[in-house]
Amino acid sequence: MLEGMNDRQYEAATHKEGPLLIIAGAGSGKTRVLTHRIAYLIEEHKVNPFNIMAITFTNKAAAEMRERIDKIVGFGSESIWVMTFHSTCVRILRRHIDNIGYDNSFTIYDTDDQKSVMKAVFKKLNIDPKQLKESTVLKEISRAKDELLGPDDYASTYAADYSKRRIVECYREYQETLRRNNALDFDDLIRFTVALFRACPEILENYQDRFKYIMVDEYQDTNTAQFTFVKMLADKYRNICVVGDDDQSIYKFRGANIQNILNFEKVYRDTKVVKLEQNYRSTQSILNVANAVIANNTGRKGKKLWTAREDDEPVYFRAFENAREEAIEIGSEIASYKRRGIADFKDIAILYRTNAQSREFEEYFVHENIPYQLVGGVNFYARKEIKDLLAYLKTVDNARDDLQVKRIINVPKRGIGLTTVTKISDFADNNDMSFYAACKIADEIPGLGKASAKINSFVEMIETYKNALQETTILDVIKQLIEDTGYIEEIRAEDGERADEREENIGELLSKIKSYEDEHPENTLSDFLEEVALVSDLDSVDENDSRVLLMTIHSAKGLEYPICYVSGMEEGIFPSYMTINSGNDDDIEEERRLAYVAFTRAMNRLTITYAKARMIRGETQYNPVSRFVREIPTEYLKGELPRNKFRIDEDYDDNSSPRSFFKENPFGGNDDGFIPRKYSFQSKPVASPVVKKHEMTQAEAKAKLDTMTKGIQKISDSNELGYGVGDRVRHIKFGVGTVLELKEGPRDYQVTVDFDDFGKKIMYANFAKLKKE
DNA sequence: CCATCCACGTTTTTT
DNA sequence: ACGTGGATGG
């Protein structure tokens, strides 16, 4: 079983008891070590699989580990807990959270829900969103929760800090709202589990006795709350094994505390430390590049990757005029690899710093029929139409969550407006009941008038589905629901542009529900909703699909690809201007670690690219080559670096630049005949410029001109409106004024009137109902 | 209550 | 460049 392991791996895999810290460089086979250690414990030391737990950060990592454990352990492996931090905590809380005053059927709020809550909080506390941003407060709260500070702890910690007073109030109100809705946000999942353990020692002990052996993956990314959670669990038996790489700590912005790994040996004095430095993934050239860059960081544990691999090829650097050219060149290269049989699409990944950078690639790939899958961006379950339908399901499942009920009470429009909602909401608050409970007795709420009938039929509808759920499947209920509410029709009416895509998303949701029900026939709607709350885009990646992957470097962590492009290596992009401006060396170091993560994703061929010009937020930026590229000794790179060093070099003579055929023919020809296939649920990129710049024929131009002039003539006759430019007109509200201009708009005349008492107004003639004086 | 327009911020990364 | 949310008028 342990055959073929190197000495260090063997040492780690056969460690039996006591704390173990494995510093595992990128590609050093840490998952292998973890899974083998589990197998070893079971076989050699007769540890009951029931007593083992492995915790990861992502579902994908958990799934991968699960698979490998199942393979190597065999019988009994299913009783090992292999889960993410969040799902572990949910599982524990579902069982015991009633001990700390929540209902076990709590719901989980995503970022979007949090924002809605905070908005309501601002309204209630009369806070002007211009002075204090919701996102700022939420971020602050999240940081506090990462540090296990509840509203009271937070208040006392910052009691002296006057500037935090408002935030304290927001935190209190926010948490109170979540409580009322029986909801927890992501951070609460961890925090409340710790709180539960603190409040109920007997429950904690129960879990301590269960999980005698604990392994934590990606340990460098843990925050204080997660660390505390793990530490509490491990405190009785101290069989805690953590695996991590301080050089790959890239989640500080999310509260990760790099000290957790740096100080592990101080917390656990008798820690055994094993360093894995042999890399089994990449060529020596790739490792040289990665090592050279990360060597610029201070405060590392220190480690140098090496490989026994003999085959090698250079790391390429390529500079382009702009982001489009970057996309075209990378895309054409990929197409040619495929054509020449050098690589399949599934061997290739394109990495970038920010999600916005995916756009150019998508446009070109769609145009050239290069299959791709975009990971990240807007999470599938965060899309509006999906959230709407899920809000319906949540309401049907458990109408305790006011946020969800309010979200859908008027979607699609059924004539229940803000006024009505506010009245019901106030009534509910005053009578200490949930919003939905108040809806149920709408007739008794004063001042609702005709609206109460509409509320009643809404409640009736929800109740019908509730009953239906007893008899039939979730799929049938949601299908019925979509039909009854006319949701699809609403989408079509609302925006023709993206209606197709949104419909596709709904179709996708239906098939996800179907496969969920097929796979877990015994599970309830609540189970489904819970699973959905914790999945991410990355989880939908299927290794066997033949497509190029597009994703941020953060998403790519832990993954590997034979061919990798790390794009957008420019100052201001990577490192981001935010980090550059902060002037904080720690922030730059975190970016450098990110670069290290990026480079070490590549197995055989790494290409680093740079674009001289790039559109950012509607503005063209000219950025110098990233400092991280400058940190690579030139002998490790094949390709010429622009001469500019941290500034723009105006007269840079660019003859090393590749052909830029997009000037004549933006996307070149396509002679490959790839099967067109859309792998991504992501929004379809807009039509390529070729299509967009459809030249108007002369005849069309003339026709267009005709219609336009016709409009003008009509106006000058002063005809069907009964008035023209210069006439005096009367408006119901604004009184008398002079018509300054008449313009034909898309469906109506636009009238500009200078009113004697109200000044200049532009209005539509149809609505304005002006009368000639 | 709804449709429309405009101003504004957003984009560094996410379980 | 793009989407969102507030203001506005009917």
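Residues numbered from 1 in each chain as written. Chains lettered and ligands numbered in written order. Predicted model: local features only at pLDDT ≥ 70, side-chain atom pairs only at ≥ 80, totals over all residues. Heavy atoms only, no water.

### Quick look at the overall build of chain A
Then, in step 1: Summing up its helical and strand segments, chain A has 32 helices and 21 strands in all.
Then, in step 2: The buried share of chain A, taken over its 773 residues, is 52%.
Then, in step 3: When contacts within chain A are restricted to residue pairs at least 6 apart in sequence, those whose partners lie at least 24 apart make up 73%.
Then, in step 4: Looking at chain A as shown, the accessible area adds up to about 36,500 Å², and 49% of this sits on carbon and sulfur atoms. (Helix = DSSP H or I, 4+ residues; strand = E, 2+ residues; numbered from the N terminus. Buried < 20%, exposed > 50% of the residue type's maximum accessible area, 1.4 Å probe, protein only. Contact = heavy atoms within 4.5 Å. Areas by Shrake-Rupley, 256 points an atom, 1.4 Å probe, with all protein chains shown as cover.)

### Focus on the side chain of S77
Then, in step 1: In this fold, S77 is placed in the loop between α3 (59–73) and β3 (81–84).
Then, in step 2: Once residues lying within four places of it in the same chain are set aside, the contact partners of S77 are R66, I69 and D70.

### Concerning the packing of helix α4 (residues 85–96) against helix α11 (residues 224–234)
Then, in step 1: Interaxial distance between α4 and α11 falls to 12 Å at its minimum, and their mutual angle equals 60°. Classified by the angle between their axes, α4 and α11 sit oblique to one another. Two packed elements cross with a definite hand, and for α4 against α11 that hand is left-handed. From α4, F85, H86, T88, C89 and I92 reach across to α11, where they touch Q226, F229 and V230.
Then, in step 2: Residues that form the contact of α4 with α11 fall into these classes: five nonpolar, three polar and no charged. (Axes fitted to C-alpha atoms, helices over the stretch in contact; angles between N-to-C directions. Parallel < 35°, antiparallel > 145°, perpendicular 65-115°, else oblique. Left-handed = near helix turned anticlockwise from the far one by under 90°. Nonpolar A, V, L, I, M, F, W, Y, C, P; charged D, E, K, R; others polar.)

### A short note on helix α17 (residues 384–397)
Then, in step 1: The end-to-end C-alpha distance of α17 is 19 Å, a good match for the 20 Å that 14 residues give at a rise of 1.5 Å each.
Then, in step 2: Of all 14 residues making up α17, twelve are buried, and the element is well covered by its neighbours.
Then, in step 3: All of the buried residues in α17 are E385, I386, K387, D388, L389, L390, A391, Y392, L393, K394, T395 and V396. (Expected span 1.5 Å × (residues − 1).)

### Structural notes on the packing of aromatic side chains
How two aromatic rings sit relative to each other is set out by the distance from centre to centre and by the angle between their planes.
Then, in step 1: Counted according to the given criterion, the structure contains 17 aromatic pairs.
Then, in step 2: Ring centres 5.1 Å apart and planes at 65° place the aromatic pair Y516 and F528 in the edge-to-face group. Remark: F528 occurs in helix α25 (residues 525–533) and Y516 occurs in helix α24 (residues 499–519); sequence separation between them is twelve residues.
Then, in step 3: Residues F574 and F628 carry aromatic rings whose centres are separated by 5.6 Å and whose planes lie at 75° to one another, so their mutual orientation is edge-to-face. Of this pair, F574 sits in the loop between β13 (561–566) and α27 (577–582) while F628 is found in helix α29 (residues 627–630), placing the two residues 54 residues apart along the sequence.
Then, in step 4: Ring pairs connect the aromatic residues F57, W81, F85, F197, Y207, F211 and F229, which therefore count as one cluster.
Then, in step 5: Sitting over the face of the ring of F106, R94 holds its NZ or CZ atom 4.1 Å from the ring centroid.
Then, in step 6: We note K164 situated over the ring of Y158; from NZ or CZ to the ring centre the distance is 4.4 Å. (Phe/Tyr/Trp six-rings, centres within 6.5 Å; stacked < 30°, edge-to-face > 60°. Lys NZ or Arg CZ within 6 Å of the ring centre and 35° of its normal.)

### Side note on the pairing of strand β1 (residues 20–24)
Then, in step 1: Burial of β1 is extensive: five of the five residues sit out of reach of the surface.
Then, in step 2: Because side chains alternate across β1, one face comprises the buried residues L20, I22 and A24, and the other comprises L21 and I23, equally buried.
Then, in step 3: Bridge analysis of β1 against strand β8 (residues 272–276) gives five bridges, and the strand direction is parallel. Opposite L20, over in β8, you have K272 as the bridge partner.
Then, in step 4: Of the strand pairs in this sheet, β1 and strand β7 (residues 240–244) are connected by four bridges, and their pairing is parallel. Within β7, the position partnered with I23 by the bridge is G244. (Pairing = 2+ DSSP bridges.)

### Details of the sheet that holds strand β2 (residues 52–56)
The strands making up a sheet associate through backbone hydrogen bonding, with each pair oriented either parallel or antiparallel.
Then, in step 1: Strand order in the open sheet formed by six strands is β3-β2-β6-β7-β1-β8, with parallel pairing between adjacent strands. Every other strand in the sheet has two partners, leaving β3 and β8 as the edge strands with one partner each. Each neighbouring strand pair of the sheet contributes to a mean axis angle of 15°, computed without reference to strand direction.
Then, in step 2: Sheet topology note: the strand β6 (residues 213–216)/β7 ladder contains three bridges and is parallel. Paired with I214 across the two strands is I240, which belongs to β7.
Then, in step 3: Here α3 sits on the sheet and contacts β2 and β3; the angle it forms with β3, its principal contact strand, is near 165°.

Note that all results are geometric; they support no functional claim without further evidence.
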